[in-house]
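Each chain, letter by letter, is given below.
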Number of protein chains: 2
Amino acid sequence: MDQGGRPSPPSLNALRAFEAAARHGGYVGAAKELHVTPAAIGTQVKGLEAWLGRPLFHRLANGLVLTPEGRDVLPSLSAAFDALNGAVRAMRAVGRPRSLTVAALPCIAQLWLAPRLPDLQAAFDLDVTILTRDEQPDYARDLVDLGLYVGDAAPAGCTSVVLARDDLFPVCTPALAAGLRHPGDLAGATLLHDSVWRADWPRWLAAHGAGTLRPAREAAFSLYSVALDAALAGSGVLIGHRALVADALGGGRLVAPFGDRAVAGPPLRLIVPEGGEGMRLAPVIRWLSEGGEPGRRDGPPFT
Amino acid sequence: MDQGGRPSPPSLNALRAFEAAARHGGYVGAAKELHVTPAAIGTQVKGLEAWLGRPLFHRLANGLVLTPEGRDVLPSLSAAFDALNGAVRAMRAVGRPRSLTVAALPCIAQLWLAPRLPDLQAAFDLDVTILTRDEQPDYARDLVDLGLYVGDAAPAGCTSVVLARDDLFPVCTPALAAGLRHPGDLAGATLLHDSVWRADWPRWLAAHGAGTLRPAREAAFSLYSVALDAALAGSGVLIGHRALVADALGGGRLVAPFGDRAVAGPPLRLIVPEGGEGMRLAPVIRWLSEGGEPGRRDGPPFT
DNA sequence: CTCCAGGCCAAGAAAATCTTGGCCTCAGCC
DNA sequence: GGCTGAGGCCAAGATTTTCTTGGCCTGGAG
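Residues numbered from 1 in each chain as written. Chains lettered and ligands numbered in written order. Predicted model: local features only at pLDDT ≥ 70, side-chain atom pairs only at ≥ 80, totals over all residues. Heavy atoms only, no water.

Participant: Lay out the relation of the copies chain A and chain B with the relevant residues and their values.
Facilitator: When chain A is fitted onto chain B, the two copies agree to an RMSD of 0.1 Å after a turn of 180° and an axial shift of 0.1 Å. Each copy turns onto its partner about a two-fold axis. Using C-alpha coordinates, one finds that chain A approaches the rotation axis most closely at Ala-80 of chain A, a distance of 2.7 Å. (Least-squares fit on C-alpha atoms with pLDDT ≥ 70 in both.)

Participant: Can you explain the domain arrangement of chain A? Please cite residues and give values.
Facilitator: Once the domains are mapped, chain A shows domain 1 (12-92), domain 2 (96-166 + 266-289) and domain 3 (168-250). A straight line from the C-alpha centre of domain 1 of chain A to that of domain 3 of chain A covers 45 Å. (Domains from an automatic or database assignment.)

Participant: Describe the protein's contact with DNA strand C, with residues and values.
Facilitator: Surrounding DNA strand C, one finds 16 residues, the nearest of these being Tyr-27 and Arg-59 of chain A together with Asn-13, Thr-37 and Ala-61 of chain B. A share of 88% is what sugar and phosphate atoms reach among the atoms of DNA strand C within 4 Å of the protein. A distance of 2.6 Å separates a phosphate oxygen of DNA strand C from a polar side-chain atom of Arg-59 of chain A. Taking Gln-44 of chain B, its side chain carries an N or O atom lying 3.3 Å from a phosphate oxygen of DNA strand C. Only helix H2 (27-34) and helix H3 (38-52) of chain A together with helix H3 (38-52) of chain B provide two or more residues apiece to the surface near DNA strand C. By residue class, the composition of the surface near DNA strand C is 8 nonpolar, 6 polar and 2 charged. (Near = heavy atom within 4 Å. Polar contact = N/O pair within 3.5 Å; in protein donor to acceptor, adjacent residues only side chain to side chain. Helix = DSSP H or I, 4+ residues; strand = E, 2+ residues; numbered from the N terminus. Nonpolar A, V, L, I, M, F, W, Y, C, P; charged D, E, K, R; others polar.)

Participant: Now, about the interface of chain A and chain B: what can you tell me, with residues and values included?
Facilitator: Counting from both sides, the interface comprises 43 residues of chain A and, opposite them, 43 residues of chain B. Carbon and sulfur atoms make up 72% of the surface buried where chain A meets chain B, a total of about 4100 Å² over both sides. Put simply, chain A and chain B have 0 salt bridges between them. The tally of links between chain A and chain B comes to 2 residue pairs in polar contact (both at pLDDT 80 or more). Tallying contributions element by element places helix H4 (residues 68-95) of chain A first for the side of chain A that touches chain B, with 15 residues. Looking at the side of chain A that touches chain B residue by residue, the class counts come to 26 nonpolar, 9 polar and 8 charged. (Contact = heavy atoms within 4.5 Å. Buried area = accessible area lost by both parts, 1.4 Å probe. Salt bridge = Lys/Arg side-chain N within 4 Å of Asp/Glu carboxyl O.)

Written out as structure tokens, the structure reads:
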């Protein structure tokens, strides 16, 4: 007969933390998703378990496993948070009808998207937000409209459009190129590459009969655009991604010393979350997939 | 090209505050629902509007009206929170499979439910939580399994079972009853009533030809059970609710001086939220609707 | 055998949230 | 016309929730 003792519901944040932890199978993944530390997730989950009166996870040495109770509860909880996410997404679309958020690899953002940005904004009157992230976002949960990544397939729950092949081939200044006739000549050169793409050079060399070549020097850059700057400055030979060095090649500032001897890499893809606002964004997607040329509008982009 | 500037989603609490405010058409109602002050709701809504970049409510002098944006957004948001609520409810059921939470008018809790509670708990091995509240809870949102209120109908979204008629008729100690032959004799008595049911006496008097009667004295009690105690002590004549004075009548401690001259009031109803755990609770509901006699089990109450 | 990933905990810091109390505006009503 | 009450707004400060830090513990992999 407790007068005021209402059974207060658990905090929404605790529910969200548990849901994320269960989905990721651990606190670390959940923490990353929610942009907090694993300990914070742990605290929240513990609080929820206290509210419930029984554990939701079995704590094993190497991670977490849902208890039967947790397994029973998870689906409806996940569905609810998906619905909530959808509502928030719709809300943002209502609030900023002319905004577009694109997630992309830093180098793609800088070297492929940035040059096209003015035309894109002009063509559609958009406020574009660019998120540069090394990993693809979770399109179902993050407030991201489109992704721009290289890969052989779209992540689950997304469709994709191939925007450009992304062949690999060496590029350098014309001056350096003069001394490069055969792949073997690279042994005397400085090879430039992006540190997250350290496999690029070995792949190309192996494909062109120089798998055992040990270059005179190497230089790794954590940002591809810095590596590109180095190549432009004549510091060495960069393993070029076609989509990213096209500009420099077109202007003649860089050349491909070995011509069309390329190896194919995963293409540059425009990632489109399914079930999202595909409708609203269709003209933008078309524009991008047609190469980003301005002034190609069939009608008003938004209705 | 903002590196870390992710478009952080709005806080879950802000979303909930807005949803409640929109549903109630004002901060006051929402504040009551969420057990905070209206100012807190206002702050949250303002924060959400700031995140959105546009207002969700038109502020009128006498209240709030949703803007078109707000109206667009509300349905999906409400649906999401309904889903979340359902998940929480399911969670609690998983965590405490033998618990039952009943909301009831204080007087009903005390005078009708409390006497039956031991048998109920014994019959079903339940942990019963009783919430005494003057107003019916929001069954869709509060963590309440059943309600016990008088009324002519179940609230929206609920079904109900009539547990007992709730006729009104005067009751008093046998000693006092000796002086009461006709309704008119009440003019010389002290009339007892519950302050939230101040209409009871006038209704009965009007129905029995004493509409203009002005009693010698009146006494109002904020708790019906206290009024009942007063009647038991011989302080006056209580306007009795059949469901609540049955015990005292049965024991002979009170009598009905005018016999079966009663007026019908809204019956006592057991409120059962739809779509909830009707299944799980079916045996309990049957037991209660059969008058709360113990030992009438067809099978295990929970599966 | 050592290292590492991943979880746990406690203490303190930071942030979100709530309350208070005063102000303003309007509608309804003397 | 002036009063009154409902309902919203705001700022300041208190409170509660949530997060981080840093150290500890465990079991599996190299």
